Amino acid sequence: MFEATIVLIVVLIALLVTSAPIAVALGLTSLVYFYYFTLIPMTQVSERLFNALNSFPLMAIPFFILAANIMSRGGISRRLTDFGAAMVGHLRGGMAITTVLACMFFAAVSGSSPATVVAVGALMIPAMVKNGYPKEFSTGLVATSGSLGILIPPSIPLIVFGIATEQNIGDLFLAGVLPGILAGVMLLGMAVFVAWKKGYGHAGVGFRMSHKDKLKAFRDAILALALPFLVLGGIYSGWFTPTEAAAVAVAYSLVVSLLIYREIKISQLWEVTLASVKTSAMVMFIIANGILFTFVLASERIPGQISTTITEWDLQPWQFLILVNILLLFVGCVMETSSAILILAPILLPIAMELGIDPIHFGIIVVMNLEIGMITPPLGLNLFVASGMSGMSVVGVAKAALPSALVLLAALALVTFVPFFATAFVG
């Protein structure tokens, strides 16, 4: 057993050092284990990969990805940002407020951080620059606010955590509401403070609207504003499961975009669907190999050994949570979110429960840590997305996002040591 563990560690590290994609590294390491250390026929590996994805909750992921792409192309995200600009765009810091609020609303139906950055950033970065905000500040704020997409429910990483740890996904969604709002409000406060202190934005120039114009902007956006309430309200009221909610989001987005807003044509759906399929395939490939690797870890009893070792340290719950936060902040810098959850959650959650930490609360802590990893180099996905949209270097975006990242760290500290934020809505 010890020999197999050492070989697994060496193979995995060697593959990661050679810049192999994380999914490939996990998959090849698992194949080495099956070939040399088990009697399981290699023909069963493909069956295990298929079974890893043969899950009803996992079906929500491609649906949410498709819904996000339809919303982005069909005018829903634009109307959300236009409504925000109409309400507060004339205030000092108003466009920054609009950006954060638009990210929060879009996150509440997409479940994806990169999708949120693309949908909102494409509209708000040019608008903020035109309104007197530096490109660096605008891009950094969008990259950070977009990371709320993996915290505010529905959230793809929360779905993955629920599957990896057998926790109720509906409860995880409920638990993500207050932390998501908390992080969003703290980002709003930071954005307004910086805008006022440094004089960003031209208050009142080009964005002050009459009450009649504001009412028109509201009427234009009302169907877009209704979508988060339809999806989340349906889940929390018990009308449909998270997976069914994802399908409802797709259907609603199609009807609104095709028949009412008419900003997307049937001929364009193939392109939107193909882009969604590519993204979904990438995410599912990571998840399948992650679940396969989790099986390997369980077969070697590695989670149990680690749990026993840490328990013997006689840590207090707060000490354990500090160690977990440090570990996950580092992991978030170098590992893709779903992979990190699939590998670490089954190891860390039993220890947390042994120390009396609520598993739902712990799930939110995990996702909030990895949320910050979306905006930290070298593998922060939001940095690359925002870089491609703004023309700034990845390092430049990372520097610009640093103040916002510190705000998210403060929100993480609050949620970590005040469990109420994560458990208030969970029965």
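Nothing here was measured: the structure is a model prediction, and the numbers come from that model.

Quick look at the overall build of the protein
- Looking only at helices and strands, one finds 20 helices and zero strands in the protein.
- Seen through its principal axes, the protein has C-alpha atoms that stretch 70 × 45 × 45 Å.
- Taking all 427 residues of the protein together, the buried fraction comes to 56%.
- A separation threshold of at least 6 residues defines the contact pool for the protein, and within that pool the share at least 24 residues apart is 79%.

Focus: the packing of aromatic side chains
- Applying the stated rule across the entire model yields eight aromatic pairs.
- When the centroid spacing of 6.1 Å and the interplanar angle of 70 degrees are considered together, the rings of Tyr33 and Phe34 count as edge-to-face. Residues Tyr33 and Phe34 agree in their burial class; the two are buried.
- Cluster of aromatic residues (ring-pair linked, three or more members): Tyr133, Phe137 and Tyr200.

A look at the packing of helix H6 (residues 94–110) against helix H8 (residues 135–146)
- It is the contact of H6 with H8, at a shortest axis distance of 9 Å, that shows an interaxial angle of 25 degrees. Here H6 is positioned roughly parallel relative to H8, judged by the angle of their axes. Handedness of the crossing formed by H6 with H8: right-handed. Contact residues: Ala96, Thr99, Val100 and Cys103 in H6; Phe137, Leu141, Val142, Ser145 and Gly146 in H8.
- A class-by-class count of the residues in the contact of H6 with H8 yields six nonpolar, three polar and no charged.

Side note on the confidence of the model for the protein
- Per-chain confidence: the protein averages 83 in pLDDT, with 96% of residues scoring 70 or above.
- Mean pLDDT per element in the protein: helix H14 (residues 302–312) is the minimum at 72, and helix H17 (residues 359–373) is the maximum at 93.

Description of the side chain of Thr116
- With respect to the helices and strands, the residue Thr116 is situated in helix H7 (residues 113–130).
- With near-sequence residues (within four places) excluded, Thr116 lies in contact with Cys103, Phe106, Ala107, Ser110, Gly121, Gly146 and Gly149.

Some remarks on the pattern of salt bridges
- Under the counting rule described, the total for this entry stands at three salt bridges.
- When the shortest N-O distance is used, the salt bridge between Arg73 and Glu271 registers 3.5 Å. Note that Arg73 is positioned in helix H4 (residues 60–73) and Glu271 in helix H13 (residues 269–299), a separation of 198 residues in sequence.
- The partly exposed category is assigned to Glu271, whose relative accessible area is 47%.

Observations regarding a nonpolar patch on the surface
- A grouping of Val24, Leu28, Leu31, Tyr35, Tyr36, Met42 and Phe285 is seen on the molecular surface, where their side chains present a nonpolar patch of about 680 Å² in accessible area.
- With five residues, the top contributor of residues to the nonpolar patch is helix H2 (residues 22–37).
- For Leu31, a relative accessible area of 30% gives the class partly exposed.

Rules used throughout
- Residues numbered from 1 in each chain as written.
- Predicted model: local features only at pLDDT ≥ 70, side-chain atom pairs only at ≥ 80, totals over all residues.
- Heavy atoms only, no water.
- Helix = DSSP H or I, 4+ residues; strand = E, 2+ residues; numbered from the N terminus.
- Buried < 20%, exposed > 50% of the residue type's maximum accessible area, 1.4 Å probe, protein only.
- Contact = heavy atoms within 4.5 Å.
- Phe/Tyr/Trp six-rings, centres within 6.5 Å; stacked < 30°, edge-to-face > 60°.
- Axes fitted to C-alpha atoms, helices over the stretch in contact; angles between N-to-C directions.
- Parallel < 35°, antiparallel > 145°, perpendicular 65-115°, else oblique.
- Left-handed = near helix turned anticlockwise from the far one by under 90°.
- Nonpolar A, V, L, I, M, F, W, Y, C, P; charged D, E, K, R; others polar.
- pLDDT = per-residue confidence, 0-100.
- Salt bridge = Lys/Arg side-chain N within 4 Å of Asp/Glu carboxyl O.
- Patch = residues over 30% accessible without salt bridge, like charges linked within 9 Å, V, L, I, M, F, W, Y side chains within 5 Å.
- Areas by Shrake-Rupley, 256 points an atom, 1.4 Å probe, with all protein chains shown as cover.

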